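# Commentary on secondary and tertiary structure
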Amino acid sequence: MKIPLIYNLRSVMQRPTSTAFTAIGIGLVVAVFIGMLALANGFRAALTRTGSDRNALVLRRGADSELSSGLDREAVSILAASPHVAPGPDGRPLFSAESYLLIPLSRRGADTNAVANVVVRGVAAAAWQVRQNLVITEGQAPVPGRNEVCVGRTMALKFPNTDVGQALRFGGRDWAVVCHFTADGSSFESEVWGDAEQFQPVFRREGFSSASFRLADPAAFEEAKRVLEADQRLQVDVYREAAFYAEQSEVLGRILEILAFLITSIMAVGAIFGAVNTMYAAVAARAPEIAVLLTLGFHPRSVLLSFLVESALIALVGGVLGILLVLPVNGVVTSTTNWASFSEIAFSFRITPALLLSGVVFAAVMGTLGGFFPAWRAARRPVVQALR
Amino acid sequence: MKYLHLVLANLGRHKRRTLLTIASVALALFLFASLRTVVTTLAAAAQFGSARRLVSTNATGIVFPLPLSYANKLQATPGVEAVSWANWFGGRYGDNKRFFAQFAVDPASYLEMYPEISLPEDQKQAFIRERSSAIIGRRLVDIFGWKLGQDVTIQGTIYPGDWTFTIRGIYTPTDAVINDDMMLFQHEYLEERTGRPGQAGWYVLRIDDGDQSASIAKGIDDQFRNSNAATKTGTEQAFNASFATMWGNVSLLMGTIGMAVVFAILLVTANAMMMSARERTREVAVLKTIGFTDRTLFGLVMVEAGLIAGIGAVLGLGGAKLLYKSTNFNAGGFLPGFDVTTSTLLIGAGVTLLLMLASGLVPAVRAARLPVVQALRRVE
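Procedures and definitions
Residues numbered from 1 in each chain as written. Chains lettered and ligands numbered in written order. Predicted model: local features only at pLDDT ≥ 70, side-chain atom pairs only at ≥ 80, totals over all residues. Helix = DSSP H or I, 4+ residues; strand = E, 2+ residues; numbered from the N terminus. Rg over C-alpha atoms; globule rule 2.2 N^0.38 Å. Contact = placed C-beta atoms within 7 Å. Buried ≥ 20, exposed ≤ 12 C-beta atoms within 10 Å, placed from the backbone. Arc of directions from axis to C-beta. Pairing = 2+ DSSP bridges. pLDDT = per-residue confidence, 0-100. Axes fitted to C-alpha atoms, helices over the stretch in contact; angles between N-to-C directions. Parallel < 35°, antiparallel > 145°, perpendicular 65-115°, else oblique. Left-handed = near helix turned anticlockwise from the far one by under 90°. Nonpolar A, V, L, I, M, F, W, Y, C, P; charged D, E, K, R; others polar.

So, on to the overall build of chain B. Each helix and strand counted, chain B has 14 helices and 13 strands in total. For a compact globule of 380 residues, the expected C-alpha radius of gyration is about 21 Å, and chain B comes in at 30 Å, more than 25% above that figure. Each of the three principal axes of chain B carries a C-alpha extent, and together these read 95 × 45 × 30 Å. Pairs at least 24 residues apart make up 81% of the contacts formed inside chain B by residues separated by at least 6 positions.

What follows covers the interface of chain B and chain A. Counting residues at the interface gives 44 residues for chain B, matched by 46 residues for chain A. Mapped by element, the contributors of at least two residues to the side of chain B that touches chain A are α2 (15–47), β8 (151–156), α9 (236–245) and α10 (250–278) of chain B. Looking at which element gives the most residues to the side of chain B that touches chain A, the answer is α10 of chain B, with 14 residues.

All names here are of chain B. The set of residues buried in helix α5 (residues 121–129) consists of K124, A126 and F127. Around the axis of α5, the buried residues are gathered within 165° of arc, so they sit on the same side. Of the residues in α5, the exposed ones pointing more than 90 degrees away from the buried face are E121, D122 and R129. Contacts made by the buried residues of α5 are with α4 (107–113), β7 (133–137) and β9 (161–173).

On to the pairing of strand β5 (residues 148–152) of chain A, then. Residue and element names in this part refer to chain A. When you tally the buried positions in β5, you get 5 out of 5 residues, the bulk of the element. The two faces of β5 match: E148, C150 and G152 on one face and V149 and V151 on the other face are all buried. Relative to strand β7 (residues 173–182), β5 is paired through 5 bridges, and the arrangement is parallel. Within β7, the position partnered with E148 by the bridge is A176.

This part is about the confidence of the model for chain A. Put simply, chain A has an average pLDDT of 84, and 97% of its residues get 70 or more. Per-element confidence in chain A ranges from a low mean pLDDT of 69 for helix α13 (residues 383–387) of chain A to a high of 94 for β5 of chain A.

All names here are of chain B. Two elements in contact, α2 and α10, have axes whose closest approach is 9 Å; the angle formed by their N-to-C orientations is 165°. Comparing their axes, α10 and α2 come out roughly antiparallel. Judged by the twist between their axes, the crossing of α2 over α10 is left-handed. Of the residues assigned to the contact of α2 with α10, the class counts are 18 nonpolar, 7 polar and 2 charged.

Residues and elements named next belong to chain A. As a packed pair, helix α11 (residues 300–326) and helix α12 (residues 353–379) sit with axes 7 Å apart at the nearest point and diverge in direction by 150°. The angle between α11 and α12 falls in the class roughly antiparallel. Between α11 and α12 lies a crossing of right-handed hand. In terms of residue class, the contact of α11 with α12 is built from 21 nonpolar, 9 polar and 2 charged.

So, about the environment of V292 of chain A. With respect to the secondary-structure elements, V292 of chain A resides in helix α10 (residues 287–295). In this structure the C-alpha to C-alpha distance between V292 of chain A and G51 of chain A, which are 241 residues apart in sequence, comes to 66 Å.

Pasting the structure below:
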């Protein structure tokens, strides 16, 4: 026969303070657990959402980032004429030769020492069609040939002088901010885009950093890669755009995940110890009660189950508490330097339903583990000894 | 302390519970020490820098070079004692599982500029003499097992191709903030192979008077303001600090998590300690009956709480200190000089004291105030 749940509810109510303490403790663990994973999640999302499977990215052979890459004009014109480049609606190739530059900018409201290296991407006019999911939210796209730039959404949040109509100063010159854009939460949103031809004389760069183009046939990527990489005039590596940006996030994404697991697992062990202790104490205090239950004819298995349920219940309350604690950070934008590309990247905490669920499961596991040994002990108590 | 055996007996009554409590205190403080050390290490890196060293970079941005012809002009600037320069190489070794930094430097002036990079005189001379030689940090020896005289091939990402260097020296930094996993090679070798002579990534200058750094820096920047590449000159400390700020909110994040961890585990632990004290109501009453004073009982409970917190603290804080010291941890080169500082240990000790008070005070007061008759009546 099962012990009714109301028994556990009532006994939990008997000890409101200690139950609350345990639940809050577990809640904090769950909050940190979800928060850390949400951070890693947001970072991954920022970089894995960057780029499309339908696009190819071309870098100089051996270069491992857009920053270290360089393509001369000859290579760019050979690439643009390749039959693997899809034509746009106007018949011109969907091909963008780009300059990837880093400029130091002071963050909004920070002292002058706190600079961040911001990506300035010089693009061709076609870039706005080539790169996917770009939406201009405010203003008009820069006109080629003018000193105009378009600023990514998260970049605009974090740096001064980035509103439409303002002038942003870098490279020793003022640039008119003519629009803001979003890119589905990708790292492009941390960048400033302008006309590549305008940037080159200012930054004294001959040629470009990289090139991005729409594949004429996305399924024929391997073929395009083989042909272009074999071309002796080019000396390039060809990547699928999405895969390339995902790889750029590998190191930092992995560090964040490892950190999340390390910190939360140590915390979890501490919390489980705490839960075990609380339950042990609860069991010890209720020895006569348990004996009565056993005398009444409840099977030891039911007693075990009952205590497990009670412990899991406290943990679940903690889990829900943790979720409530962590929910407000959802969407909060933070930033760090992605050392793989040496550039500032802004990303937000992304709490997904799956993360919330894993938080609750985590709490339940902590509670069950924490309750098992004390419950086991409670169930196996000799009646006589407990009653005495 | 004639009651020590009584305290110990109390601790030993529920051995498992006591051990679990101590372990969770130890874990909390270990985690606290680790997270805070990330913060202090980043702060130390931002603070590092000799007051007499300035760094000149291209005003347009750190990734843009400066002409090598500036070296003579900088040397001639009043107040400047010595000039050296370096370039970021950005190479990959092997499968690139373990990243490390390579710099192309002007050997003689660079080593003279940074006495913190210490290596034997004969190795130093060999490095200065031989065009394709390199010196490496001690840690790279541990990681890759490289030896003096060995040829090492690095794939350039910025400067394409395979670059082979002969290791002629192994340095040990005298200041922990300096990375012990760098590779330095000759700037001339870089120029020779790329065929693009005359570019320096940045300049390092030593000035004769640290108090004049601001005016000397301004003088330098004014000198190059209207030339091809304007400079941005600042103290070495400001240069390092600008890298540290690139981590963004990492410090804040670590600090916040550290606090949450400590708070969560302390809450649970204090709770467990209070509960175990509550079970002993009858015992306390008995002790009172046989003549223990209120004050003694208060003390006994506090000492017990203090012992649990103290042992946990020694294990957690000491463990963190020893672990990072003995494994020479530096987070894959990202956090050189990772070491639990005295201030972290002191704050940890403060947290321990807080835990002792939080977990011991309520039961101790309760024990001291316990009305004997009522307590004894409640049992049976």
